[in-house]
Amino acid sequence: MANTPITFVYNGVNKRGQNVKGEISALSMLEAKNLLRRQGVSAKRIKKSPTPLFGLGAKKIVPNDISVMSRQIATMLGAGVSLVQTIDMIGRGHSNANMRKMLKEIGNEIKAGNPMSSALRKHPRQFDELYCDLVETGEQSGALETIYDRIAIYKEKAEALKSKIKKAMFYPLAVIVVAFIVTTILLIFVVPQFEEIFSSFGAELPAFTQFVLGISRFLQNNGIFVGAGLVGFAMFFKKMHQTSKAFRDSIDAKILKIPVIGGILKKAAVARFSRTLATTFAAGVPLISALDSAAGASGNAIFRDAILFIKKEVAGGIQMNAAMGSTGVFPEMVTQMIAIGEEAGAVDDMLSKIATIYEAEVDDMVDGLTSLLEPMIMAVLGVVIGGLIVAMYLPIFEMGNVV
């Protein structure tokens, strides 16, 4: 881990003779002192920053933070503010301590004469290869302001699309989990109370009631094992998803076959592919490199493999629309629009239009799914909870009829 930056805290005196203190990131104590000297700070005391216990108090940098930061940089560069001043101003005004620290490190790198793309590459968790490549292209072409505007649009669209997908997946999952918890509590704690009452009836209970009581007894006797099994399965699934590429790819393929949800994910993958390719095209990135970036940003193994196949075909001299058509993954409309774009020499504009169309379709499908799921989920909850209540009151109703 020799190339991992270390955070140091320091006390010192600046050029004006004022006492200053703060944090600086460097690969070693010596490098930290040299960086401070370049900034005009004479360090009296410098030491490694203590790591918070279990990460407490450290707010994680989320993709939305990077999206907002990108828009701020684009706006301030467009207003004529220098890059160094822009980074300093955004860093000082940010509410997230980790973002302030990261921006300070980036600012120090730029002040030391290093390119911004090089500074960003030292933070791979926050800035992927596509982001850094686009910034590097902007630096080389002298159009960093224009490139950052495109980066900001790309990040904003990507985060908006991700938010829509989460909305589509989260609502039904949350309701199912709550329903499972409520049903389990009723079966373990409430139903046994009725069973004690029924034991004094001295008559045979209805079959439906016996079925529910049987489930209740099973959970009371084996609830711990069931819970442990569910936790173990969740941990196994997570581990396999993290370590096995084949497992992840098979899950990606199966998810696309889920009714409605699969359609949303397919359209989202097409939108991501089109938006990424449009952004890289407009920035002047070569098509082969742009397809590599689009494959990484697709978000699904089926589309990733299809895009890599397109890259291989294009490298062999095949037109992109023909390569896309032979994958059988992309809709006919998309390949036709790409063909028109290639003929007109305006592929980036056509890709932007495709992305806009499919982002709007994802938005409409998510809203439609939410509207469809609400009554369905209410009906399922009504059947489950209502069924438990009916099962508990059936013996009482039958007893009343006998009397």
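Located above this text is the structure these notes cover.
Here the residue numbering is sequential within each chain, running from 1 through the sequence in written order. Given that this is a predicted model, residues contribute local features only at a pLDDT of at least 70 and side-chain atom pairs are listed and counted only at 80 or more, while totals for whole chains, interfaces and linings are drawn from all residues. With hydrogens and water excluded, all non-hydrogen atoms of the structure serve as input to the side-chain values.

### Points about a nonpolar patch on the surface
Keep this limit in mind: Like-charged residues are merged into a patch within 9 Å and nonpolar side chains (Val, Leu, Ile, Met, Phe, Trp, Tyr) within 5 Å, provided each residue has over 30% relative accessible area and no salt bridge. Note on areas: Shrake-Rupley, 1.4 Å probe, and residue coverage restricted to the protein chains presented here. The salt bridge criterion pairs a side-chain nitrogen of Lys or Arg with a carboxyl oxygen of Asp or Glu, the two atoms within 4 Å. For helices the rule is a DSSP run of H or I covering at least 4 residues; for strands it is a run of E covering at least 2, with both sets numbered from the N terminus onward.
Taken together, the side chains of Val 177, Phe 180, Ile 181, Ile 185, Phe 189, Val 190, Phe 218, Val 226 and Leu 230 present a nonpolar region at the surface, about 820 Å² in accessible area. Of all elements in the fold, only helix H7 (144–198) and helix H8 (207–243) reach the threshold of two or more residues within the nonpolar patch. For the nonpolar patch, the element with the highest residue contribution is H7, accounting for 6 residues. Tracing the backbone shows Val 190 in helix H7.

### A short note on the pattern of salt bridges
In plain terms, the rule: To sort residues, take the accessible area from a 1.4 Å probe on protein chains only and compare it with the maximum for the residue type: under 20% means buried, over 50% means exposed, and anything in between is partly exposed.
Using the criterion set out here, one finds 14 salt bridges in the structure. Of the charged contacts in the structure, one is a salt bridge between Glu 361 and Lys 267, with a shortest N-O distance of 2.7 Å. Highlighted residues: Glu 361 in helix H15 (residues 347–402) and Lys 267 in helix H10 (residues 261–282), separated in sequence by 94 residues. Overall, Glu 361 belongs to the partly exposed group, its relative accessible area being 27%. The salt bridge partner of Arg 275 is Glu 359, with a shortest N-O separation of 3.0 Å. One end of the pair, Arg 275, is in helix H10; the other, Glu 359, is in helix H15, with 84 residues separating them in the sequence. Judged by its relative accessible area of 10%, Arg 275 falls in the buried class. Assessed through its relative accessible area of 7%, Glu 359 is described here as buried.

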